[in-house]
Amino acid sequence: MTMKNQITSALSDFFFEYETPRQVLVRNRRVGVVCRLIQLGVLVYIIGWVFIYEKGYQSTDTAVSSVLTKMKGVGYTNVSGIETVWDVADYVFPPQGDSSFVVMTNYIITEGQKMGKCPELKGMHDCTSNADCVGGSFKRTGHGQMTGVCVNKTQTCEVLAWCPIEDDHTIPNPPLLISAENYTLFIKNSVTFPLFGVTRSNLVEGIDGNYIGKCLFHPKKEPLCPIFKLGDIVKLSGFSFEKLAQEGGAIGIVVDWTCNFDVDVKHCKPEYNFHGLYGNPSETDSASASVGYNFRYAKHYMEDKIPKRTLLKVFGIRFDVIVKSLARKFDIIPTLTAIGSGVGIFGVATVVCDLVLLYLLPKREFYKNMKFKYTDTQTQVSSVSLL
Amino acid sequence: MTMKNQITSALSDFFFEYETPRQVLVRNRRVGVVCRLIQLGVLVYIIGWVFIYEKGYQSTDTAVSSVLTKMKGVGYTNVSGIETVWDVADYVFPPQGDSSFVVMTNYIITEGQKMGKCPELKGMHDCTSNADCVGGSFKRTGHGQMTGVCVNKTQTCEVLAWCPIEDDHTIPNPPLLISAENYTLFIKNSVTFPLFGVTRSNLVEGIDGNYIGKCLFHPKKEPLCPIFKLGDIVKLSGFSFEKLAQEGGAIGIVVDWTCNFDVDVKHCKPEYNFHGLYGNPSETDSASASVGYNFRYAKHYMEDKIPKRTLLKVFGIRFDVIVKSLARKFDIIPTLTAIGSGVGIFGVATVVCDLVLLYLLPKREFYKNMKFKYTDTQTQVSSVSLL
Amino acid sequence: MTMKNQITSALSDFFFEYETPRQVLVRNRRVGVVCRLIQLGVLVYIIGWVFIYEKGYQSTDTAVSSVLTKMKGVGYTNVSGIETVWDVADYVFPPQGDSSFVVMTNYIITEGQKMGKCPELKGMHDCTSNADCVGGSFKRTGHGQMTGVCVNKTQTCEVLAWCPIEDDHTIPNPPLLISAENYTLFIKNSVTFPLFGVTRSNLVEGIDGNYIGKCLFHPKKEPLCPIFKLGDIVKLSGFSFEKLAQEGGAIGIVVDWTCNFDVDVKHCKPEYNFHGLYGNPSETDSASASVGYNFRYAKHYMEDKIPKRTLLKVFGIRFDVIVKSLARKFDIIPTLTAIGSGVGIFGVATVVCDLVLLYLLPKREFYKNMKFKYTDTQTQVSSVSLL
């Protein structure tokens, strides 16, 4: 029973008591004002900055997204009197509408290549005699395997390669497919924020088939139209279309989803930004490390049972549709964590004020006596012995 | 020596003293119960919610991942008596097994196109006289460059383009390659969590060559088999294969890695989910902004030294394998941060209880006197002068 | 006026007062040393671990990035006396320089396939009579649609397919394009940290056109050269090129941007790491679930008005350029949050020391009396009544 009584007594003491710290109330104008100002400063920081500016009461999430693209438009070239029209199936790589694709704006075409032996290009492969061309080996930027023969006519090594060798010394200027400026790009983007269970598409409320058929993106007048003119995209990213089209380049189309789910979800709309991915629009320095964007693409065919190919050195603008996302929503945990840390900072303010009180003010000895109660086992023993 | 004594004395004072706040122990049932309840509430929040539910004692990491895919299966079409079999090299775009690819389910084929002049399609390019067709210009959805002639027979503008123009007004119904329902998809996915230095593959322990050769994914019976039947994928995402196959669509295959590294790493296994990427399965509204998924693809060849091409308007299902990852593991810092913030919240609870004690209870004056000790320089000066 | 006086008095009380907790200063060596050690431990944890090691005073950001790649190099094969040279347009899939691409290192070529009926491959499609071959159906790993006939000569079912059927039982050894070891890869990578507004390229200061033309990546001597020899990449990831080239494989090239923006931004440079994406370099177990990497690719053409194709089963090394990024910069909020939580932990240390003081030491009753002041309404009432 004594055990039971002890437990009951302890529980009763625990539940029916309340501890509160004893405090000294210092009535001193200077200390009072200074410390209240410090405390108000901490409060302003917590409410103003952490909560309102940095939205510390919300938890964040990024999206899982998917992008489909579709180009429309027709280009026209007239090379040596031969008129050719280039449509989507000819100038977009790859054709299936990924988030990253190239639109051909210029090219060097070498038709009817077939496997055989022919002299290399002048420039990096010069030779004066057969000894300069080691048969069976390759040069780092060569087009084929050297046969060991130095061709007199061109003074270059003979190679086993797709002949004739592509001559890419001169890049057509103006760009052959500068008409790409008028092509249009349609972007379909779907984002899902898994933490909040919300899915949005860039074809927001109010966009239907009719609107898409006629609209064209404009940053101020039509900011939500998902159809973009290539010339506009390049201009909005700060580049000149003609300069970019000649040697190629890369542009990023950023679809920015910054959403606050504490308000109606229909306010979650995308914002489109454009910027060059490499190099500064003001850079015209041709000695810069790596200029332009190009790749080689071959169309293979059979002619009279001989495998042949048409080689295209494609210069184009590479478009990367990049989805940036950040969603916020009120959540109890970051809120209470911010409050808890704020209370901790208040404690630091208290320490600072105490230091002022106990070490700097004229009456610090007086305040020390009010604040502290000293225990000293020696003194206690002696006072007991006196009794 | 006085300096040294002062330092020794200060250090001795610092290390051999301990400050503890003095407290008032209020024995009042109402206050005691209310405040203990508030404190217990804060404790339950910290332990129950922050630690157990939200796992606030763990730090998190997302994975760097890589996906390889491989399709298997054969399709069959019989168009105008011509039987054709379509295998992987014919219906998958692109062929190299990326995480994002298209399986062709329907198509409109225009064979033997060659560059020339021919009349546009009826519908968007109608004209009544040559004045309606401005030579050298393009229409926004046109197939080529207008020559300036209005063709009487069709009443449409003549264009320089790949002729004959593709007629895509009628999409084949039923879809030509509905047999795609039986194709199978193999996904190989490797994830690495850099913070924890763990690498996992979706071919988990227990999966070997034999198992892969025979198994087929089922959400309940075979949840870890990496081979999926296309028909199953579409059904599990809530769509009808035949509807999706006709005009195309997009499906996301989410490989979800949610792992807790406080237990054995072999429990870190993927979960497969499927959902449509655009549009709701219940939407049959054909006026919706953008329906289906298609792109144009050309196979170029030479015939009698003339460049020709076969144009395919490909309707297909675009599959995006999306890897979602979140790994957690015990870490001392989020644990102590949560504890520290929790102690701060306790401080808020104390402030609330103090307010009740000092401003609301009947004996508040009594408690104020117990809690506070007042300092007043005026009073002190006068009491000193009396001595 | 009384109201106004009350408000003025309350404000005056609020602003000109300062509350500081009263404390007991316990002079006891054991308690003092133990508690100071606990407090010093908490301080060392906050300053040493949270601030210095884990950089808790900085906020973090990950980058939005874009990658361009370009392969250079020429391969050579001599199959049955036919010499062929393979250049970039022949061995890279896809051609346009994405972050993820395949370099063909081995292949099985089936030339001149045309649609027709022919017997299946031996192995999985054996039959003894027509009854074993169900006309109009497909086998899971079949090459075409069965016609219902069992071909005597091969004892396999006849199928409608691209004939002749590809025979992929024997993979060429040594790999046909083992010369891929000498190809070079150029990576151009641009990262943008949106939170800090900083954009960096892996062509850092000091890299110009000349340097790129001649350098080759080496982990110690040339760690910033963006040109990589394929053989080096595979070796640095722990694999043997010849083993990987035969059946194909996948390698991840991680471009690691770990930047501290509290120092000059020019110190933000990438670090290149290489690792296999599937399987352990030490695994030679051919019974493992899925070995190698391959896909099928067809080149279509017309011969005498008949559609034909050349089928390539491509074995290659798949390269994934993965960008990992983490940038840190001093930010006031994580700093103050860490300090606030630290103060909270100090509170926990105080609780622990109090427990020692009040429940474990010999003089605990004495300390309890010094620390607590008891209020008891019963006692108060009785003492008042005595007056």
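These figures come from a predicted structure and were not determined experimentally. (Residues numbered from 1 in each chain as written. Chains lettered and ligands numbered in written order. Predicted model: local features only at pLDDT ≥ 70, side-chain atom pairs only at ≥ 80, totals over all residues. Heavy atoms only, no water.)

Chemist: An account of the overall build of chain A is needed here, citing residue identities and associated values.
Modeler: Counting its secondary structure elements, chain A contains 9 helices and 18 strands. For 387 residues, the compact-globule estimate of 2.2 N^0.38 gives 21 Å, and chain A exceeds it by more than 25% at 38 Å. Projected onto the principal axes, the alpha-carbon positions of chain A cover approximately 125 × 65 × 55 Å. Across the 387 residues that make up chain A, the buried fraction comes to 49%. Considering only contacts within chain A whose residues lie at least 6 apart along the sequence, 68% involve residues at least 24 apart. Looking at chain A, you have 40 positive and 37 negative side-chain charges, and the mean spots of the two groups are 8 Å apart. (Helix = DSSP H or I, 4+ residues; strand = E, 2+ residues; numbered from the N terminus. Rg over C-alpha atoms; globule rule 2.2 N^0.38 Å. Buried < 20%, exposed > 50% of the residue type's maximum accessible area, 1.4 Å probe, protein only. Contact = heavy atoms within 4.5 Å. Lys, Arg positive; Asp, Glu negative; His and termini not counted. Charge placed at Lys NZ, Arg CZ, Asp CG, Glu CD.)

Chemist: Describe the state of the cysteines, and please don't skip the residues or the numbers.
Modeler: Residue and element names in this part refer to chain B. Applying the stated criterion across every chain, the model contains 15 disulfides over all chains. At a sulfur-sulfur separation of 1.9 Å, the disulfide partner of Cys-133 is Cys-157. For the disulfide bridge between Cys-133 and Cys-157, the dihedral angle about the S-S bond is near -90°, and by the sign convention the bridge is left-handed. On the criterion of sequence distance, the pair formed by Cys-133 in the loop between strand E8 (100-119) and strand E9 (145-151) and Cys-157 in strand E10 (residues 156-163) is long-range, its members being 24 residues apart. (Disulfide = S-S within 2.5 Å.)

Chemist: Outline unusual backbone geometry, listing residues and values.
Modeler: Most peptide bonds take the trans form, and the phi angle of most residues other than glycine is negative. With an omega dihedral of 5°, the bond running from Asn-173 of chain B to Pro-174 of chain B counts as a cis peptide bond. Structurally, Pro-174 of chain B can be placed in the loop between E10 and strand E11 (184-193). Omega for the bond connecting Cys-163 of chain C with Pro-164 of chain C falls within 30 degrees of zero, at 0°, which places this linkage in the cis form. With respect to the helices, strands and loops of the structure, Pro-164 of chain C is situated in the loop between strand E10 (156-163) and strand E11 (184-193). With a phi angle near 55°, Asp-304 of chain A is a residue other than glycine that sits in the positive phi range.

Chemist: Tell me what's going on with the relation of the copies chain A and chain C, and back it up with residues and numbers.
Modeler: Here the second copy of the chain follows from the first by a rotation about an axis and a shift along it. For the pair chain A and chain C, the best superposition has an RMSD of 0.0 Å and corresponds to a rotation of 120° with a translation of 0.0 Å parallel to the axis. What the rotation and shift describe, once combined, is the action of a three-fold rotation axis. Interface overlap between copies is the fraction of interface residues in one copy that are interface residues in the other; for chain A against chain C it is only 18%, indicating separate surfaces. (Least-squares fit on C-alpha atoms with pLDDT ≥ 70 in both.)

Chemist: Could you give an account of the interface of chain A and chain C, naming the residues involved and the relevant values?
Modeler: Contacts between the two partners involve 73 residues from chain A, matched on the other side by 68 residues from chain C. At the boundary of chain A with chain C, the tally comes to 3 salt bridges. A salt bridge links Asp-87 of chain C to Arg-309 of chain A; its shortest N-O distance comes to 2.7 Å. The interface formed by chain A and chain C holds 11 residue pairs in polar contact (both at pLDDT 80 or more) in total. (Salt bridge = Lys/Arg side-chain N within 4 Å of Asp/Glu carboxyl O. Polar contact = N/O pair within 3.5 Å; in protein donor to acceptor, adjacent residues only side chain to side chain.)

Chemist: Lay out the UniProt feature "glycosylation site" (unreviewed entry) in chain A in plain terms, naming residues and giving numbers.
Modeler: Feature annotation in UniProt assigns "glycosylation site" (unreviewed entry) to the following positions: Asn-182 of chain A. Secondary-structure assignment places Asn-182 of chain A in the loop between strand E10 (156-163) and strand E11 (184-193). (UniProt positions renumbered as here; feature names shortened; annotations may be inferred.)

Chemist: Explain the pattern of salt bridges to me, and be specific about the residues and the numbers.
Modeler: It is possible for side chains of opposite charge to pair when their charged atoms get near one another. Residues and elements named next belong to chain A. In this structure the tally under the stated criterion is 33 salt bridges over all chains. Two residues, Asp-126 and Lys-122, come together in a salt bridge whose shortest N-O distance is 3.8 Å. Residue class for Asp-126 comes out partly exposed when judged on its relative accessible area of 42%. The class for Lys-122 is partly exposed, based on a relative accessible area of 45%. Between Lys-313 and Asp-168 there is a salt bridge whose closest N-O contact spans 2.8 Å. Of this pair, Lys-313 sits in strand E17 (residues 306-330) while Asp-168 is found in the loop between E10 and E11, placing the two residues 145 residues apart along the sequence. The pair Lys-313 / Asp-168 is uniform in exposure class, with both members buried.

Chemist: Lay out the domain arrangement of chain A in plain terms, naming residues and giving numbers.
Modeler: Residues and elements named next belong to chain A. Along its sequence, chain A is organised into domain 1 (24-57 + 332-371) and domain 2 (62-120 + 165-330). Placing a centre on the C-alpha atoms of domain 1 and another on those of domain 2 gives a separation of 56 Å. When domain 1 packs against domain 2, close to 360 Å² is buried across both sides, 60% of that on carbon and sulfur atoms. Three residues stand out in domain 1 for area buried against domain 2, namely Lys-55, Tyr-57 and Ile-332, and they jointly supply 82% of the buried area on that side. Along the contact surface separating domain 1 from domain 2 lie 0 salt bridges. The tally of links between domain 1 and domain 2 comes to 0 residue pairs in polar contact (both at pLDDT 80 or more). Residue composition of the side of domain 1 that touches domain 2, grouped by class: 2 nonpolar, 1 polar and 2 charged. (Domains from an automatic or database assignment. Buried area = accessible area lost by both parts, 1.4 Å probe. Nonpolar A, V, L, I, M, F, W, Y, C, P; charged D, E, K, R; others polar.)

Chemist: Describe the side chain of Glu-158 of chain A, listing the residues and the values that go with them.
Modeler: All names here are of chain A. Residue placement: Glu-158 occurs in strand E10. No salt bridge is formed by the buried Glu-158, whose closest oppositely charged neighbour, Lys-117, lies at an N-O distance of 5.8 Å. Here Thr-147 takes part through its side chain, which lies 2.8 Å from a polar atom of the side chain of Glu-158. With residues up to four places along the chain from it excluded, the contact list for Glu-158 reads Lys-117, Cys-118, Pro-119, Gln-145, Met-146, Thr-147, Val-149 and Val-151.

Chemist: So what's going on with the UniProt feature "transmembrane region" (unreviewed entry) in chain A? Which residues, and what values?
Modeler: Residue and element names in this part refer to chain A. Feature annotation in UniProt places "transmembrane region" (unreviewed entry) on residues 31-52 and 338-361, given in this structure's numbering. Between the C-alpha atoms that bound residues 31-52 the distance is 30 Å, and the span itself is 100% helix and 0% strand. In the segment residues 338-361, helix accounts for 92% and strand for 0%; the C-alpha atoms at its two ends are 33 Å apart.

Chemist: Explain the pairing of strand E2 (residues 23-27) of chain C residue by residue, including any values.
Modeler: Counting buried residues along E2 of chain C, 4 of its 5 residues qualify, which places the element largely inside the surrounding structure. Judged from the 5 bridges that link them, strand E1 (residues 17-21) of chain B and E2 of chain C form a sheet pairing that is antiparallel. From the neighbouring strand, Tyr-18 of chain B faces E2 of chain C, where its bridge partner is Val-26 of chain C. (Pairing = 2+ DSSP bridges.)

Chemist: Kindly report on the side chain of Asp-320 of chain C, identifying the contributing residues and their values.
Modeler: As for its position among the elements, Asp-320 of chain C is in strand E17 (residues 306-330). Those residues in contact with Asp-320 of chain C that sit more than four places away from it in its chain are Ser-66 of chain B together with Ser-99, Ser-100, Ile-251, Gly-252, Ile-253 and Leu-277 of chain C.

Chemist: Kindly report on the interface of chain B and chain A, identifying the contributing residues and their values.
Modeler: Each side of the interface is counted separately: chain B has 73 residues, and chain A has 69 residues. For the pair chain B and chain A, the two sides together bury roughly 6700 Å², of which 59% comes from carbon and sulfur. Joining chain B to chain A, the criterion identifies 3 salt bridges. Scanning the region where chain B abuts chain A turns up 11 residue pairs in polar contact (both at pLDDT 80 or more).

Chemist: Go over the packing of aromatic side chains with me, naming the residues and quoting the values.
Modeler: Under the defined criterion, the tally for this structure stands at 43 aromatic pairs over all chains. For the pair Tyr-293 of chain B and Phe-295 of chain B, a centre-to-centre distance of 6.2 Å together with 55° between the ring planes defines the contact as tilted. The exposure class assigned to Phe-295 of chain B is buried, which follows from its relative accessible area of 3%. Considering the side-chain rings of Phe-217 of chain C and Phe-274 of chain C, the 5.6 Å spacing of their centres and the 70° angle between planes classify their relative orientation as edge-to-face. Note that Phe-217 of chain C is positioned in the loop between helix H4 (209-214) and strand E13 (227-229) and Phe-274 of chain C in strand E15 (residues 271-276), a separation of 57 residues in sequence. The buried category is assigned to Phe-217 of chain C, whose relative accessible area is 6%. Through a chain of ring-to-ring contacts, three or more aromatic side chains come together here, namely Phe-93, Tyr-293, Phe-295 and Tyr-297 of chain A. (Phe/Tyr/Trp six-rings, centres within 6.5 Å; stacked < 30°, edge-to-face > 60°.)

Chemist: Tell me about helix H2 (residues 29-53) of chain B, and name the residues and values.
Modeler: Taken together, the buried positions of H2 of chain B are Val-31, Gly-32, Cys-35, Arg-36, Gln-39, Val-42, Tyr-45, Ile-46, Val-50 and Phe-51 of chain B. Of the surrounding elements, those touching the buried residues of H2 of chain B are helix H1 (2-16), strand E1 (17-21) and helix H7 (332-359) of chain A together with helix H7 (332-360) of chain B. The first or second residue beyond H2 of chain B is Lys-55 of chain B, which carries a positive phi of 55°.

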